[in-house]
Amino acid sequence: STETALRLMDEETVCVVLDTHKASFVEAPDIIKESDKVVLIDHHRRSEEYIENTILDYIEPYASSTCELVTELIEYIGDNLKLTKFEAEALLSGIIVDTNSFTYKTGVRTFEAASLLRRRGADTVDVKKLFSENMQTMKRKSEIIERAEVKFKDVAISYVNETYDNGMVIAAQCADDLLTVKGIKASFVLVKLEDHV
């Protein structure tokens with residue numbers, strides 16, 4: 001918990017923030033406030049809100065994902081840093097998610113990072129299994145996509161009509177799937193969360 005982390009912190013503690021540079025996006029902003037040493041690794045364009053006073057910033061908006069950047073850092077550290085199979089597969093799965101299976105925002109660096117992770121033990125078949133879903137989720141996604149309407153000739157819009165624990169994830173996945181429809185340039189899948197959409 002945040003409280004436990006704050007109790008364990010001392011002057012040697014390093015707080016590593018990944019995949020965002022906005023304090024309002026992190027799970028525990030109090031930890032950043034209390035940390036004297038903050039490392040920031042992100043692939044999003046820098047915005048107005050920004051975590052200040054970091055000891056290391058590695059922000060590269062041209063990278064496919066934060067996992068690509070972390071993999072590059074591991075490569076620079078060298079072969080002495082041993083990754084477990086699980087760690088290599090976790091990094092590879094992050095790259096796959098952010099690139100939509102190597103189809104979006106990929107470059108030479110992306111494939112080099114994937115190759116390094118493969119050499120370090122990542123099994124692509126096992127990574128693929130991480131993305132498998134149960135029949136209920138697949139049916140929900142099919143219903144959401146079937147409900148989609150096309151507006152302005154190139155915008156697909158749908159909605160999640162029930163409350164699910166993973167409603168946000170399903171909505172995001174359906175929006176991604178709708179972008180694969182020929183002629184669709186933008187997609188929106190609305191989902192209700194408590195008292196707002």
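About the criteria used
Residues numbered from 1 in each chain as written. Predicted model: local features only at pLDDT ≥ 70, side-chain atom pairs only at ≥ 80, totals over all residues. Heavy atoms only, no water. Pairing = 2+ DSSP bridges. Helix = DSSP H or I, 4+ residues; strand = E, 2+ residues; numbered from the N terminus. Axes fitted to C-alpha atoms, helices over the stretch in contact; angles between N-to-C directions. Contact = heavy atoms within 4.5 Å. Expected span 1.5 Å × (residues − 1). Buried < 20%, exposed > 50% of the residue type's maximum accessible area, 1.4 Å probe, protein only. Arc of directions from axis to C-beta. Polar contact = N/O pair within 3.5 Å; in protein donor to acceptor, adjacent residues only side chain to side chain. Patch = residues over 30% accessible without salt bridge, like charges linked within 9 Å, V, L, I, M, F, W, Y side chains within 5 Å. Areas by Shrake-Rupley, 256 points an atom, 1.4 Å probe, with all protein chains shown as cover. Salt bridge = Lys/Arg side-chain N within 4 Å of Asp/Glu carboxyl O.

1. Overview of the sheet that holds strand β4 (residues 149-151)
The strand order across the open sheet formed by three strands is β4-β5-β6, and the pairing between neighbours is mixed. At either margin of the open sheet sits one strand with a lone partner, and together these are β4 and β6 (186-190). Taking each pair of neighbouring strands and ignoring which way they run, the sheet shows an average axis angle of 25°. Of the strands in this sheet, β5 (155-159) and β6 are in contact with helix α8 (residues 167-178), which crosses β6 at around 155°.

2. Notes on the sheet that holds strand β3 (residues 56-59)
Across the sheet, three strands lie side by side as β1-β2-β3; this open sheet has parallel pairing. Strands at the two margins of the open sheet, each flanked by one partner only, are β1 (14-18) and β3. On average, each strand axis in the sheet is tilted by 10° relative to the strand beside it, whichever way the strands run. Here four bridges tie strand β2 (residues 37-42) to β3, and the two strands are oriented parallel to one another. The residue bridging Asp42 from the neighbouring strand is Ile59, located in β3. Here helix α3 (residues 66-77) sits on the sheet in contact with β1, β2 and β3, set at roughly 115° to β2.

3. What to know about helix α5 (residues 108-119)
Spacing of three or four residues puts side chains on the same side of an α-helix, whose turn is 3.6 residues. The end-to-end C-alpha distance of α5 is 17 Å, a good match for the 16 Å that twelve residues give at a rise of 1.5 Å each. For α5, the set of buried residues is Thr110, Ala113, Ala114, Leu116 and Leu117. One side of α5 holds all its buried residues, which, seen down the axis, span an arc of 160°. Those residues of α5 that are exposed and aimed more than 90 degrees away from the buried face are Val108 and Arg119. On its buried face, α5 is in contact with α3 and α4 (85-98). Phi for Gly121, located one or two positions after α5, is positive at around 115°.

4. Observations concerning the side chain of Ser158
Structurally, the position occupied by Ser158 is in strand β5. A polar side-chain atom of Ser158 sits 2.5 Å from the main-chain carbonyl oxygen of Ile144. Setting aside anything within four residues of it in sequence, one finds Ser158 in contact with Ile144, Arg147, Ala148, Phe188, Val189 and Leu190.

5. Digging into a nonpolar patch on the surface
On the surface, a cluster of nonpolar side chains totalling about 430 Å² of accessible area is made up of Val14, Val16, Leu18, Ile55 and Leu56. Considering every element that reaches the nonpolar patch, the biggest residue donor is β1, with three residues. Mapped onto the secondary structure, Ile55 falls in the loop between β2 and β3.

6. Focus: the environment of Ile55
Since its relative accessible area comes to 53%, Ile55 is described here as exposed. Along the chain, Ile55 and Val39 lie 16 residues apart, while their C-alpha atoms are 5.9 Å from each other. Ile55 has contacts with Asp36, Lys37, Val38 and Val39, leaving out every residue within four places of it along the chain.

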